[in-house]
Amino acid sequence: SEMCKETEIVGCPIIREEDGLAKSSRNTYLSAEERTAATVLHKGLTAGEELLRSGEKNAAKVVAEIRKVIENEPLAKIDYVELVDWNTLKPVETVSGEVLCAVAVYIGKTRLIDNFIDNGNDFEFMKEREEVEPNRDKTSSFLYTYEIFL
């Protein structure tokens, strides 16, 4: 039927400001104070990514670390922090294979989203890719796909 057209989703790197905040038209709604506070999304995700890189496989621990970082910012109100299987988009208890870590956080009245994809701790692959594309962000913008399936 017309409603069942083949669709291909093509990921691309997230474009970030120098301080790590994902570029978004929503950023224009932030006051100067909120704009500074909004960097906590990237800080939280970075903490989660570092935990995974250190070998942590317990998804709850990774999510808790991200929440802890974000909750330290008084202007931030978490909508969700999720660690899901990349292929099924279902929450995982143990990290194995590719996973998507996605967050949605209100800074004031503005809802911001961000994410990263971990490819199963194949950090040699990521290192090689960084050498080829040194300015490429390690995260990809697949969050809209995730939100569609919530």
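Residues numbered from 1 in each chain as written. Predicted model: local features only at pLDDT ≥ 70, side-chain atom pairs only at ≥ 80, totals over all residues. Heavy atoms only, no water.

Novice: Got a minute to help me understand the overall build of the chain in this structure?
Specialist: For the chain, the helix and strand inventory stands at five helices and three strands. Within the chain, the fraction of its 150 residues that count as buried is 42%. Total accessible area on the chain stands at roughly 9,200 Å², and carbon and sulfur atoms take up 50% of it. (Helix = DSSP H or I, 4+ residues; strand = E, 2+ residues; numbered from the N terminus. Buried < 20%, exposed > 50% of the residue type's maximum accessible area, 1.4 Å probe, protein only. Areas by Shrake-Rupley, 256 points an atom, 1.4 Å probe, with all protein chains shown as cover.)

Novice: When you look at helix α2 (residues 40–53) in this model, what are you seeing that I'm missing?
Specialist: The α-helix winds at 3.6 residues per turn, so residues separated by three or four positions along the chain end up facing the same way. For α2, spanning 14 residues, the distance from its first C-alpha to its last is 20 Å, which sits close to the expected 20 Å at 1.5 Å a residue. Turning to α2, its buried residues number three or more, namely Val40, Leu41, Gly44, Leu45, Ala47, Gly48, Glu49 and Leu52. Trailing α2 by a residue or two, Gly55 shows a phi angle of about 105 degrees, which is positive. (Expected span 1.5 Å × (residues − 1).)

Novice: I keep staring at the environment of Val103 and nothing clicks. Help me out?
Specialist: Position of Val103 among the secondary structure elements: in strand β2 (residues 98–107). Owing to a relative accessible area of 0%, Val103 belongs among the buried residues under this scheme. Separated by 12 residues in the primary sequence, Val103 and Asn115 place their C-alpha atoms 6.1 Å from one another.

Novice: Can you walk me through helix α3 (residues 59–71) in this structure?
Specialist: Here α3 is 13 residues long and its end C-alpha atoms lie 18 Å apart, about the 18 Å a rise of 1.5 Å per residue gives. Of all the residues in α3, the buried ones are Ala59, Val62, Val63, Ile66, Val69 and Ile70. For α3, the angular spread of buried residues about the axis comes to 125 degrees, placing them on one side. Summarising the geometry of α3, the exposed residues directed more than 90 degrees from the buried face are Ala60 and Glu71. Packed against the buried residues of α3 are α2, β1 (76–85) and β2. (Arc of directions from axis to C-beta. Contact = heavy atoms within 4.5 Å.)

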